Amino acid sequence: MRLRPIDLAREHGLSTQAVRNYEEAGILPPAERSPHGYRVYAPRHAAALRTFLALIPAHGHATAGAIMRAVNGGAAEEALRLIDESHAELAGDRNTLEAVELALRDLAPPRELEPGVTFIGPLARRLGIRPATLRKWERAGLIVPRRDPRTGYRVYTSADVRDVLLAHQLRRGGHGLEQIARVLERVRAAGGPEPLQATLREWRDRLTARGLAMLAGAALLGTYLETRR
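Keep in mind that this is a model prediction, so the values were computed, not measured.

A. Region of interest: the overall build of the protein chain. In terms of helices and strands, the protein chain carries 10 helices and 5 strands. What you see for the protein chain is a C-alpha radius of gyration of 26 Å, clearly larger than the 17 Å of a compact globule of 229 residues, by over 25%. The 229 residues of the protein chain split such that 41% are buried. Residue pairs at least 24 apart in sequence account for 61% of intrachain contacts in the protein chain once pairs closer than 6 positions are excluded. Element-wise, carbon and sulfur atoms account for 53% of the exposed surface of the protein chain, whose accessible area totals about 12800 Å². When the 35 basic and 26 acidic side-chain charges of the protein chain are each reduced to a single mean position, those positions are 3 Å apart.

B. Looking closely at helix 4 (residues 61–72). Compared with the 16 Å implied by 1.5 Å per residue over 12 residues, the 16 Å span of helix 4 between its first and last C-alpha is a close match. Restricting attention to buried positions, one finds in helix 4 the residues Ala64, Gly65, Ile67, Met68, Ala70, Val71 and Asn72. Of the residues flanking the end of helix 4, it is Gly74, one or two places downstream, whose phi is positive at about 80°.

C. Representation of helix 8 (residues 158–172) in the model. Here helix 8 spans 21 Å end to end across 15 residues, near enough to the 21 Å set by a 1.5 Å rise per residue. Every buried residue of helix 8 is listed here: Asp160, Val161, Arg162, Asp163, Val164, Leu165, Leu166, Ala167, His168 and Leu170. Remark: Gly174 follows helix 8 within two positions and exhibits a positive phi of approximately 90°.

D. How the structure looks around the nonpolar core. Ranked by internal contacts, the top residues of the largest apolar core, which has 35 residues, are Leu134, Trp137, Leu142, Tyr156, Val164, Leu166 and Leu170. Elements represented by at least two residues in this core include exactly helix 5 (76–105), helix 6 (120–127), helix 7 (131–139), helix 8, helix 9 (177–190) and helix 10 (193–227). Ala31, Ala64, Leu221 and Tyr224 belong to the second-largest nonpolar core, a separate cluster that totals 25 residues.

E. Region of the structure containing the pairing of strand 5 (residues 154–157). By the bridge criterion, 2 bridges tie strand 3 (residues 117–118) to strand 5 in an arrangement that is antiparallel. Residue pairing for strand 5: Val117 is matched across the bridge by Thr157. Taken together, the 2 bridges between strand 4 (residues 146–147) and strand 5 define a ladder with antiparallel strand orientation. Paired with Arg146 across the bridge in strand 5 is Val155.

F. Quick peek at the environment of Leu55. By the element assignment, Leu55 lies in helix 3 (residues 43–59). Leu55 sits in the buried class, given a relative accessible area of 1%. Not counting residues within four places of it along the chain, the set of residues in contact with Leu55 comprises Gly60, Ala64, Ile67, Met68 and Gly217.

G. Region of interest: the packing of aromatic side chains. Throughout the structure, instances matching the rule amount to 1 aromatic pair. Between Tyr22 and Phe52, the ring centres sit 5.0 Å apart and the planes meet at 65°, which makes this aromatic pair edge-to-face. Here Tyr22 is found in helix 2 (residues 16–24), whereas its partner Phe52 is found in helix 3, with 30 residues between them in sequence. One exposure class covers both Tyr22 and Phe52, and it is buried.

Reading the values: rules and limits
- Residues numbered from 1 in each chain as written.
- Predicted model: local features only at pLDDT ≥ 70, side-chain atom pairs only at ≥ 80, totals over all residues.
- Heavy atoms only, no water.
- Helix = DSSP H or I, 4+ residues; strand = E, 2+ residues; numbered from the N terminus.
- Rg over C-alpha atoms; globule rule 2.2 N^0.38 Å.
- Buried < 20%, exposed > 50% of the residue type's maximum accessible area, 1.4 Å probe, protein only.
- Contact = heavy atoms within 4.5 Å.
- Areas by Shrake-Rupley, 256 points an atom, 1.4 Å probe, with all protein chains shown as cover.
- Lys, Arg positive; Asp, Glu negative; His and termini not counted.
- Charge placed at Lys NZ, Arg CZ, Asp CG, Glu CD.
- Expected span 1.5 Å × (residues − 1).
- Core = buried A, V, L, I, M, F, W, Y, C linked by side-chain atoms within 4.5 Å.
- Pairing = 2+ DSSP bridges.
- Phe/Tyr/Trp six-rings, centres within 6.5 Å; stacked < 30°, edge-to-face > 60°.

That is the geometry; function is a separate question.
In structure tokens form, the structure reads like this:
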């Protein structure tokens, strides 16, 4: 079956230029040429395009392209390595989400988050850590306590204490400072742990959607690999 660029493009609402660009990028196998120099595609090109577009929501545009280039170049092992990395990333995101949900459930009781301020020494003793650890977290951007204009001492508000407690929970779970900083940004943007619940649900929904996209992409990729044997 001979297919034109427009035949591939119409199926997915793409432009013919996009199809040509994908071929030039190695996402589609090289097309044959008609006696007049026009591109001629076959069903395997249509399968390659369907596979690539299915891989994008699962792995992202760049990784999906790299997977297809590897497959078309006969480097199936490289394609599988890229897929493994995406699965590992998804698993890590799931673990982080679960850790955040657990940390929020175990966050200090309401009485500990009553309005008020504290200082670095009492706060460090309360958590059983060194003041130097709190200063390290501050340098990493996890917490930003204000300074008392008169003494220059760090002053931790109830919101700061909440962030410190959450960071402490996540650090005990083995999570890195960059990860924790992103979580705390979410907490602050949401206005606290309670409003964050909606954000966490959206986060979980996105992870689920990505997992399902990986299944769909893997099915098409498996079929496409069979056509190349």
